[in-house]
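Coordinates in review
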Amino acid sequence: MEDMIRYSVITEKNPREIVLLRGFGCAWKKCTFCDYHLDCSPDAAENFALNRSVLSEVTGQYARLEVINSGSFCDLDQDTMREIEQVCAQKGIRDLHFECHWMHRKEIPALRARFAALGIQTHIKIGVETFDRAYREDILHKGIGVSDPAVISELFDECCLLFGLNGQTAASMRNDVETGLAHFDRVCINIMVENTTPIHPDPQVIAEFCREIAPLYQDNPRVDILMENTDFGVGGSAQ
Ligand code: SF4
């Protein structure tokens, strides 16, 4: 995955720069629909060299940076974390987004304090995928052992939802988005795409989403919609 595009600029809705860094690998790795945790290496020095190169592209043009790493911020090596601090300070980043699995939620307050000391507000995103607990845990194996969205959102600011799966309906998808908007600052909708897992996109559900759900939220500044998982400009291939 050396040829991945790892830096991009999002110019619409919450304009920000975004970097796709590489960590040791998601510690959870059990989500049945996911294969992007394969973007990882156990070699901290190699990860840091790659991440420092990617972070050198940050200009600070929107004073807002999103860091993703196919896992959680805790899967990044400490040299990379220090490099993020330095780049944020040098480029005037005031808002910094990270992603984090539920299992690492107790590490979030220390992360917030670390960056708050630099005058940087952190925004932590969790992949919830759906607020239907049975679907989320029995089928997607997400590893979030609570049902109440108010409890899930206690330590998190933003959530990801995953649509285009067998069994989802316009009503279930709308309920997920409305629940997300009621409990989180922002909602990121990802549409399932074919990957190496046994979970496949359902074209009828995706058509239903495009017809009945997307028009309701496409102009909502708190909702990102990614029809492809490369729509933020990172991931995929640089070839
Ligand atoms: S927590 Fe995220 S990276 Fe890890 S397996 Fe689940 S979706 Fe993939």
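Data block above holds the structure.
As the structure is a computational prediction, the values presented were derived from the model and not from experiment.

**Concerning the nonpolar core**
Counting 49 residues, the largest nonpolar core has Val19, Val67, Ile84, Leu96, Phe98 and Ile126 as the members making the most contacts within it. Considering every element that reaches this core, the biggest residue donor is helix α7 (residues 203-217), with six residues. Counting eleven residues, the second-largest nonpolar core is a separate cluster that includes Trp28, Leu140, Leu165 and Met192.

**Thoughts on the pattern of salt bridges**
Within this structure, the stated rule accounts for twelve salt bridges. Residue Arg82 is joined to Asp79 by a salt bridge in which the shortest nitrogen-to-oxygen separation is 2.8 Å. Placement of both Arg82 and Asp79 in helix α2 (residues 78-91) is noted, with a separation of three residues, approximately one turn of the helix. For Arg211, the salt bridge is made with Glu212, and the minimal N-O distance between the two is 3.5 Å. Through salt bridges with shared partners, a single network forms among Arg16, Glu66, Lys125, Arg186 and Asp224.

**Notes on the site of the ligand**
Around the ligand lies a shell formed by Cys26, Trp28, Lys29, Lys30, Cys31, Phe33, Cys34, Tyr36, His37, Ser70, His101 and Lys142. The pocket occupied by the ligand, as judged from atoms lying within 2 Å of grid points, is the largest pocket. Here the shell around the ligand is composed, by residue class, of six nonpolar, three polar and three charged.

**Looking at the environment of Lys125**
Position of Lys125 relative to the elements: it lies in strand β5 (residues 121-129). With 68 residues separating them along the chain, Lys125 and Glu57 place their C-alpha atoms 23 Å apart. Setting aside residues no more than four positions away along its own chain, Lys125 makes contact with Glu66, Phe98, Glu99, Cys100, Phe156, Glu158, Cys159, Cys160, Cys188 and Phe232. Of note is the side chain of Lys125, whose polar atom sits 3.1 Å from the side chain of Glu66.

**A short note on the layout of surface pockets**
Sizing a probe to match a water molecule and rolling it over the atoms shows the empty space that remains. Approximately 1000 Å³ is the volume attributed to the largest pocket. In terms of lining residues, the largest pocket is bounded by 46 residues, among which Cys34, Tyr36, Ser70, Glu99 and Asn229 are the most central. Only β2 (16-20), β3 (64-68), β5, β6 (158-163) and β7 (186-191) provide two or more residues apiece to the lining of the largest pocket. Per element, the largest residue contribution to the lining of the largest pocket is four residues, and it comes from β5. Classifying every residue of the lining of the largest pocket gives 23 nonpolar, twelve polar and eleven charged. By volume, the second largest pocket is sized at about 280 Å³. As for the second largest pocket, its lining consists of 15 residues, of which Glu12, Lys13, Asp224, Ile225 and Phe232 are closest to the centre. Among the elements of the structure, β1 (7-10), α7 and β8 (223-226) are those that each provide at least two residues to the lining of the second largest pocket. Broken down by element, the lining of the second largest pocket gets its largest block of residues, four residues, from β8.

**Overview of the side chain of Asp176**
Among the structural elements, Asp176 can be located in helix α6 (residues 170-183). In this structure Asp176 is buried but unpaired, with Arg136 as the nearest side chain of opposite charge at 7.4 Å. A distance of 2.9 Å separates the side chain of Asp176 from the backbone nitrogen of Phe131, its partner in a polar contact. Leaving out residues up to four positions away in the same chain, Asp176 has contacts with Glu129, Thr130, Phe131, Asp132, Leu161 and Phe163.

**Notes on the packing of aromatic side chains**
The relation between two aromatic rings is expressed through the spacing of the ring centres and the mutual angle of the planes. Tallying each qualifying case throughout the model produces five aromatic pairs. Where Trp102 meets Phe156, the ring centres are 6.4 Å apart and the plane angle is 25°; that geometry is what we call stacked. You can see Trp102 sitting in the loop between β4 (95-99) and α3 (108-116) and its partner Phe156 sitting in the loop between α5 (149-152) and β6, a full 54 residues away along the chain. Pair check on accessibility: Trp102 and Phe156 agree, each one buried. Ring pairing ties together the aromatic residues Phe73, Phe98 and Phe115, which thus form one cluster.

Conventions adopted
Residues numbered from 1 in each chain as written. Predicted model: local features only at pLDDT ≥ 70, side-chain atom pairs only at ≥ 80, totals over all residues. Heavy atoms only, no water. Core = buried A, V, L, I, M, F, W, Y, C linked by side-chain atoms within 4.5 Å. Buried < 20%, exposed > 50% of the residue type's maximum accessible area, 1.4 Å probe, protein only. Helix = DSSP H or I, 4+ residues; strand = E, 2+ residues; numbered from the N terminus. Salt bridge = Lys/Arg side-chain N within 4 Å of Asp/Glu carboxyl O. Near = heavy atom within 4 Å. 1 Å grid on protein atoms, 1.4 Å probe; cavity = no way out; pocket = protein on both sides within 12 Å on 5 of 7 lines; lining within 4 Å. Sits in = over half its atoms within 2 Å of the grid points. Nonpolar A, V, L, I, M, F, W, Y, C, P; charged D, E, K, R; others polar. Contact = heavy atoms within 4.5 Å. Polar contact = N/O pair within 3.5 Å; in protein donor to acceptor, adjacent residues only side chain to side chain. Points joined across faces, edges and corners; volume = space filled by probe spheres on them. Lys, Arg positive; Asp, Glu negative; His and termini not counted. Phe/Tyr/Trp six-rings, centres within 6.5 Å; stacked < 30°, edge-to-face > 60°.

The analysis is restricted to geometry; functional conclusions fall outside its scope.
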